[in-house]
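Observations on chain architecture
Each chain, written out:
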Amino acid sequence: MSNFPWLTILVLLPVSAGLVIPLFPIKGNNIIRWYTLGVCLVEFLLITYVFCYHFKSDNPLIQLKEDYSWINFLDFHWRVGIDGLSIGLILLTGFITTLATSAAWPITRNPRLFYFLMLAMYSGQVGLFASQDILLFFFMWELELIPVYLLLCIWGGKRRLYAAIKFILYTAGGSIFILMGALSMGFYGTNQLTLDLQDLSNKSYPIELEIILYLGSFIAYAVKLPIFPLHTWLPDTHGEAHYSTCMLLAGILLKMGGYGIIRINMELLPHAHSIFAPWIIIVGAIQIVYAALISFSQRNLKRRIAYSSISHMGFVLIGIGSMTDLGLNGAILQMISHGLIGAALFFLAGISYDRTRTLFLEQMGGTAIYMPKIFTMFSSFSMASLALPGMSGFLAEFLIFLGIIISHKYSFSFKILITMIEAIGIILTPIYLLSMLRQMFYGYKFSKFFIFSDIDAGPREIFILICLIFPVIGIGIYPNSVLSLWNSKVNFLLSKFIF
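For the structure given in this document, a descriptive report is provided here. The structure displayed is predicted, hence computed values, not measured ones.

Cut-offs and rules
- Residues numbered from 1 in each chain as written.
- Predicted model: local features only at pLDDT ≥ 70, side-chain atom pairs only at ≥ 80, totals over all residues.
- Heavy atoms only, no water.
- Helix = DSSP H or I, 4+ residues; strand = E, 2+ residues; numbered from the N terminus.
- Contact = heavy atoms within 4.5 Å.
- Polar contact = N/O pair within 3.5 Å; in protein donor to acceptor, adjacent residues only side chain to side chain.
- Axes fitted to C-alpha atoms, helices over the stretch in contact; angles between N-to-C directions.
- Parallel < 35°, antiparallel > 145°, perpendicular 65-115°, else oblique.
- Nonpolar A, V, L, I, M, F, W, Y, C, P; charged D, E, K, R; others polar.
- Left-handed = near helix turned anticlockwise from the far one by under 90°.
- Phe/Tyr/Trp six-rings, centres within 6.5 Å; stacked < 30°, edge-to-face > 60°.
- Buried < 20%, exposed > 50% of the residue type's maximum accessible area, 1.4 Å probe, protein only.
- Salt bridge = Lys/Arg side-chain N within 4 Å of Asp/Glu carboxyl O.
- Core = buried A, V, L, I, M, F, W, Y, C linked by side-chain atoms within 4.5 Å.
- Pairing = 2+ DSSP bridges.

Topologically, Trp-155 is positioned in helix H6 (residues 145-155). Between the C-alpha atom of Trp-155 and that of Gly-38, which follows or precedes it by 117 residues, the distance is 23 Å. In this structure Trp-155 touches Ile-107, Arg-109, Asn-110, Leu-113, Phe-114, Leu-117, Leu-150 and His-242, once residues within four positions along its chain are discounted. From its side chain, Trp-155 meets the backbone oxygen of Arg-109 in a polar contact 2.8 Å long.

This is the structure we're talking about:
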């Protein structure tokens, strides 16, 4: 138990501060922007402080645990705590949300509601990664859906209502399985409902029940990650959402699916995970190649980047399925790395649209002449996305490659087949990313959309991009800076599996 409720403060601070926003004057857009940015920054600094002074990376157990009784007849407690698996994602949440708030500066339509929703999402995401109660986990998972739905409905593109309804149907439909699984696990083998994740991890179930629970939970996380064929909501959502919302979706929301698979399916249901691991790897391998091929055929810039996100999430699945320390370390690193790179690419797509007023690649061309800074940054992050050595993406994919190769669980022929499919995916990635850069920036087609002489990235935009490129290169050059956070947790998790 922690003496001071650090995590409760971290979870409740953003949404509590957001409740003050309606008190601001209606015309004070700038006040609201600066206030929200200040709240995000204070929250991120608090997260960093807790991480630096109260978190011990060599301890695989739950730290800073807080437990307050909430709803007695359900035995529903406010249980929060962090370990190596959650701390990296909480830091990523603070970092990306602060930058996304800064990216949303041009928003002028109803800024009070917009910034309140951003802060509500912040609380929900930190709360999800800190939850140590399975019902609280579900509660935080659901809390995310409403802000994203409203951000899409009000500030989205022309087909925003279609995208928002599709998003809510897919994700809310998947969430039902988490609730059913949570209650089944909580009630099994006892008259008293048990919802503490630590207690549930010590329970054992008949293998038939464990398989049913595993499949049910997996559907919910498969939608969020997203996993083929439950991925079709993502390109529509990204295609219509404002780019600051896209940064939160690509940077944090998709990672909730990967986190759920490791935290709930792998940790609480290890026998079923052992059975399904080969199938998870097969789905991941198919997803890498399938999404890369679909991405290449997309004419819309944001949809092309969205399909590249789906392709990269296939590597996370392979890492989780490999059940080796290298593979699982690589999967978590891939989530962190893609969170940074994906957020940057969507931000760049958004600021390019602000200048060209088009997202269709064939209507662009020759824009490098007008936007050399945006061109430089777009090229840099595309290189990071295609796993250029020296950047975080390369190391994550390399660890996942090694993880599947050294795994004792699989036959030699299976490992060769999966490695070959991964290699095809790695070859396809530069094809669709480099062709995107060529269509956007090269050639001699001077677009009719350019009406200003000085339309390159401004200081605020360059600052956001520099903040994102530093950790991408830093992790690529010195990966131990982040791998040491969750390495002991990974070893602890894998100790449950015996081959």
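This part takes up the packing of helix H3 (residues 84-103) against helix H14 (residues 325-356). When two helices pack together, you describe them by how their axes are tilted relative to each other and by the distance separating the axes. Close contact between H3 and H14 brings their axes to 10 Å; oriented N to C, the two are set at 5°. Between H3 and H14, the interaxial angle falls into the category roughly parallel. On H14, the residues that touch Leu-85, Gly-88, Leu-89, Leu-92, Phe-95, Ile-96 and Ala-103 of H3 are Ile-332, Met-335, Ile-336, Gly-339, Leu-340, Ala-343 and Phe-347. Here the residues of the contact of H3 with H14 are counted per class, giving 12 nonpolar, two polar and no charged.

On to the packing of helix H2 (residues 29-54) against H3, then. Two elements in contact, H2 and H3, have axes separated by 9 Å at closest approach and are oriented at 160°. Comparing their axes, H3 and H2 come out roughly antiparallel. Here the hand of the crossing between H2 and H3 comes out left-handed. Together, Thr-36, Leu-37, Cys-40, Leu-41, Phe-44, Ile-47, Thr-48 and Phe-51 of H2 and Ile-87, Ile-90, Leu-91, Gly-94, Phe-95, Thr-97, Thr-98, Thr-101 and Ser-102 of H3 make up the contact between the two elements.

Looking now at the packing of aromatic side chains. All chains considered together, the criterion is met by 25 aromatic pairs. For the pair Trp-6 and Tyr-49, a centre-to-centre distance of 5.2 Å together with 55° between the ring planes defines the contact as tilted. With Trp-6 in helix H1 (residues 6-18) and Tyr-49 in helix H2, the pair connects residues that are 43 residues apart, well separated along the chain. You can call Trp-6 buried: its relative accessible area is 15%. On the basis of relative accessible area, Tyr-49 is assigned to the partly exposed category, the value being 34%. Plain terms: the ring middles of Tyr-214 and Phe-218 are 6.1 Å apart, the flat faces sit at 10° to each other, and that makes the pair stacked. With a gap of four residues between them, Tyr-214 and Phe-218 both fall in helix H9 (residues 207-224), about one helical turn apart.

Note on placement: Arg-263 falls in helix H11 (residues 243-268). Setting aside anything within four residues of it in sequence, one finds Arg-263 in contact with Ile-62, Asp-83, Leu-85, Ser-86, Gln-132, Leu-197, Leu-268 and Lys-489.

What follows concerns the pattern of salt bridges. In this structure the tally under the stated criterion is 15 salt bridges. Here Asp-67 and Arg-79 are joined by a salt bridge, their closest N and O atoms 3.1 Å apart. Here the residue Asp-67 occupies a position in strand S1 (residues 63-71), and Arg-79 occupies one in strand S2 (residues 76-82), the gap between them amounting to 12 residues. With relative accessibility at 6%, the residue Arg-79 sits in the buried group. A salt bridge links Arg-303 to Asp-236; the nearest nitrogen and oxygen atoms lie 3.0 Å apart. Of this pair, Arg-303 sits in helix H13 (residues 301-322) while Asp-236 sits in helix H10 (residues 233-240), placing them 67 residues apart in sequence. Classification of Asp-236 by relative accessible area gives buried; the value is 8%. Connected via shared salt-bridge partners are Lys-65, Asp-67, Arg-79, Asp-133 and Asp-196.

Before going further, it helps to examine the nonpolar core. In terms of nonpolar packing, the biggest core is built from 179 residues, with Leu-301, Phe-378 and Phe-381 touching the most fellow members. Sequence-distant contacts of Phe-381, defined by excluding residues within four places in its chain, comprise Ile-341, Ala-344, Leu-345, Leu-348, Leu-465, Leu-468, Ile-469 and Val-472.

Moving on: the pairing of S1. Across six bridges, the pairing between S1 and S2 is antiparallel. Its bridge partner being in S2, Glu-66 is matched across the sheet by Val-80.

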